Amino acid sequence: MAAHLSYGRVNLNVLREAVRRELREFLDKCAGSKAIVWDEYLTGPFGLIAQYSLLKEHEVEKMFTLKGSRLPAADVKNIIFFVRPRLELMDIIAENVLSEDRRGPARDFHILFVPRRSLLCEQRLKDLGVLGSFIHREEYSLDLIPFDGDLLSMESEGAFKECYLESDQTSLYHAAKGLMTLQALYGTIPQIFGKGECARQVANMMIRMKREFTGSQNSIFPVFDNLLLLDRNVDLLTPLATQLTYEGLIDEIYGIQNSYVKLPPEKFAPKKQGDGAKDLPTEAKKLQLNSAEELYAEIRDKNFNAVGSVLSKKAKVISAAFEERHNAKTVGEIKQFVSQLPHMQAARGSLANHTSIAELIKDVTTSEDFFDKLTVEQEFMSGIDTDKVNSYIEDCIAQKHPLIKVLRLVCLQSVCNSGLRQKVLDYYKREILQTYGYEHILTLHNLEKAGLLKPQTGGRNNYPTIRKTLRLWMDDVNEQNPTDISYVYSGYAPLSVRLAQLLSRPGWRSIEEVLRILPGPHFEERQPLPTGLQKKRQPGENRVTLIFFLGGVTFAEIAALRFLSQLEDGGTEYVIATTKLMNGASWIESLMEKPF
């Protein structure tokens, strides 16, 4: 059991156990010793549901990364390929299988597609002459992976680009499938709300899937009260801004992958007297970040400016606890102290790690460039000078700062001005292409198609109306003891989360005008429940809303939703699901065309 998955209102261990059971059943079909050949992208997500120990119990003896040419030698009966349904991976698999066939004793080959089988891929294997070599060809529907007690992700890295640029609905279908799995485990969700084109399509798919499974009535008492489906392109602004929560900044600076972060090792080297920096570690320090760690659960969603005081208070508490040992006189007292020791040492280790991380982040956030960039972002978001060429962006281009940083800022300006004046847009495009290379013209085209960098149409800027109606900019933010979600960006309240907040109270009727300005339809669907399963809420009991971000979500938005869940009189607790956990840099990168 992963204890951190069951602390919330919804026990996500139920989902984790269901997917683990499916994996065990597949492994048991392939009797005998096994080697797994991994599509590298899948190792991270799989690590969250099954450690090596589980695979070992089912006779997995070797694991390899999928690479061209021959497989490493392994004395096993079965070779199983775990892959995403990608054509380019089929070519590599065929190469592996053909070289194994020439090697000697016959092996049993199996292939497990994650999350769906693909006819195109099977056809490619057939064309390459290896389809008949596979005894089992199956799919493993790992749609939603539990990351934390209130967080699920599909980790589908191309979802935004597929939906908004290529009109490919594959990831929407997987999202609908994932939601059907959740309903099978946690009961039918009585009300579905949505905003955006993709949200509408996912809701339609769910309704159709439910109609197709009419035979079996879901008799599980519903855990969720509402589902809110939100398109990422309803709020293009939030991911472009720099996140200012502790977890958000770790992700912005170092990148969190499948709840792990790799950090520069020198900050974590044990301090030794004498021989200075002779043997500093060179291997990056890898840490897992989730709420299983008490201290991290406490500070992850705080504004970074409020983290220092928590760490220093914790340091005092821990050193006082260790001092207690001098007061332990009797055998009973000493025994009690010793029994608490492992917990205290873990707490001290955790504090040391987070103090080091906070120092690394502080080095960045106190730099002049970070301050200048943040100032420009906050000016744009509060509506200052969004309609003319920005001198800081010009300087960044002239000094050839990283292209992603420049694109983020230009897109932010465009979104905060409902598109740029043609003259300003052309100027930026010309400067970017002349400085970074003309191959990036494809990337600029993608950003325009996604609505991130576009000319203003109709000569009207709708952003001020949206900003005022939804109170997206708050001047007086309390970062230490926040009273509003805007603390996660030190002034800007994420539009997506504000929509969720207003839906819960007083309802979307109060903001009809803004909903019409934002892209895509808004809708409400009811799913009838069999008699006896209708929920009677106890006085003071909060509703549980599952909010699904189609196209990705940032850690700052997650922090804002957790803040709303913890409000005394909030009335709603949120569980968050998404196609991908992301930040502005990884988002822009996913839209960039790789130069040939």
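Residues numbered from 1 in each chain as written. Predicted model: local features only at pLDDT ≥ 70, side-chain atom pairs only at ≥ 80, totals over all residues. Heavy atoms only, no water.

**Details of the confidence of the model for the chain**
Right, on to step 1. Mean pLDDT over the chain works out to 91, with 96% of the residues at or above the 70 mark.
Right, on to step 2. For the chain, helix 12 (residues 331-365) is the element with the lowest average pLDDT, namely 88, and helix 9 (residues 246-254) is the one with the highest, namely 98. (pLDDT = per-residue confidence, 0-100. Helix = DSSP H or I, 4+ residues; strand = E, 2+ residues; numbered from the N terminus.)

**What about the pattern of salt bridges?**
Right, on to step 1. A full pass over the atoms with the stated rule returns 32 salt bridges.
Right, on to step 2. Residues glutamate 122 and arginine 117 are paired through a salt bridge, measuring 2.6 Å at the closest nitrogen-oxygen approach.
Right, on to step 3. The exposure class of arginine 117 is partly exposed, given its relative accessible area of 38%.
Right, on to step 4. We note a salt bridge from arginine 200 to glutamate 525, for which the minimum N-O separation is 2.8 Å. Here glutamate 525 lies in strand 13 (residues 522-526) and arginine 200 lies in helix 8 (residues 197-212), a separation of 325 residues in the sequence. (Salt bridge = Lys/Arg side-chain N within 4 Å of Asp/Glu carboxyl O. Buried < 20%, exposed > 50% of the residue type's maximum accessible area, 1.4 Å probe, protein only.)

**Some details on the packing of aromatic side chains**
The geometry of two aromatic rings is summed up by the distance between their centres and the angle between their planes.
Right, on to step 1. One pass over the full model with this rule turns up 15 aromatic pairs.
Right, on to step 2. Between phenylalanine 109 and phenylalanine 134, the aromatic rings sit 6.4 Å apart at their centres with planes inclined by 65°, giving edge-to-face as the arrangement. Of this pair, phenylalanine 109 sits in strand 4 (residues 108-113) while phenylalanine 134 sits in strand 5 (residues 134-139), and the two are 25 residues apart along the sequence. Side by side, phenylalanine 109 and phenylalanine 134 carry an identical accessibility label, which is buried.
Right, on to step 3. Through pairs of rings, three or more aromatic residues link up here, namely Trp38, Phe46, Phe82 and Tyr140. (Phe/Tyr/Trp six-rings, centres within 6.5 Å; stacked < 30°, edge-to-face > 60°.)

**So, a negative patch on the surface**
Right, on to step 1. Negative charge collects at one region of the surface, where Glu25, Asp28, Glu59, Glu61 and Asp75 lie side by side.
Right, on to step 2. Looking at where glutamate 61 falls in the secondary structure, it is placed in strand 2 (residues 60-65). (Patch = residues over 30% accessible without salt bridge, like charges linked within 9 Å, V, L, I, M, F, W, Y side chains within 5 Å. Areas by Shrake-Rupley, 256 points an atom, 1.4 Å probe, with all protein chains shown as cover. Lys, Arg positive; Asp, Glu negative; His and termini not counted. Charge placed at Lys NZ, Arg CZ, Asp CG, Glu CD.)

**Remarks on the state of the cysteines**
Right, on to step 1. Scanning the entire structure with this criterion turns up 0 disulfides.
Right, on to step 2. Residue cysteine 30 stays outside any disulfide, its sulfur separated by 19 Å from that of cysteine 121, the closest cysteine.
Right, on to step 3. Unpaired in terms of disulfides, cysteine 411 finds its nearest cysteine sulfur in cysteine 416, a separation of 11 Å.
Right, on to step 4. Residue classification places cysteine 411 among the buried residues on the basis of a relative accessible area of 0%. (Disulfide = S-S within 2.5 Å.)

**Here's the deal with the sheet that holds strand 1 (residues 34-38)**
Right, on to step 1. Read across the open sheet, the 5 strands follow the order 2-1-3-4-5; overall the sheet is parallel. Each end of this open sheet is capped by a strand with a single partner; those strands are strand 2 and strand 5. With strand direction ignored, the average angle separating the axes of adjacent strands in the sheet is 20°.
Right, on to step 2. Inspection of the sheet shows strand 1 paired to strand 3 (residues 78-83) by 5 bridges, in the parallel sense. From the neighbouring strand, alanine 35 faces strand 3, where its bridge partner is isoleucine 79.
Right, on to step 3. With respect to the sheet, helix 2 (residues 40-47) is in contact with strand 1, strand 2 and strand 3, its orientation differing from that of strand 1 by roughly 110°. (Pairing = 2+ DSSP bridges. Axes fitted to C-alpha atoms, helices over the stretch in contact; angles between N-to-C directions. Contact = heavy atoms within 4.5 Å.)

**Observations concerning the domain arrangement of the chain**
Right, on to step 1. Domain annotation of the chain identifies domain 1 (3-142), domain 2 (147-237 + 496-532 + 542-588), domain 3 (246-270 + 282-366) and domain 4 (369-461).
Right, on to step 2. One C-alpha centre belongs to domain 2, the other to domain 4; they are set 30 Å apart.
Right, on to step 3. Listed as interface residues are 10 residues of domain 2 and, on the opposing side, 14 residues of domain 4.
Right, on to step 4. Between domain 2 and domain 4 lies a buried interface of about 1,000 Å² when both sides are counted; carbon and sulfur atoms form 77% of it.
Right, on to step 5. When the buried area of domain 2 at its contact with domain 4 is split by residue, Leu165, Leu237 and Ile588 rank highest and sum to 57% of it.
Right, on to step 6. At the junction of domain 2 with domain 4, the criterion picks out 0 salt bridges.
Right, on to step 7. Counting every contact that joins domain 2 to domain 4 gives 1 residue pair in polar contact (both at pLDDT 80 or more).
Right, on to step 8. In terms of residues, the side of domain 2 that touches domain 4 owes the most to one element, helix 22 (residues 584-591), which gives 4 residues. (Domains from an automatic or database assignment. Buried area = accessible area lost by both parts, 1.4 Å probe. Polar contact = N/O pair within 3.5 Å; in protein donor to acceptor, adjacent residues only side chain to side chain.)

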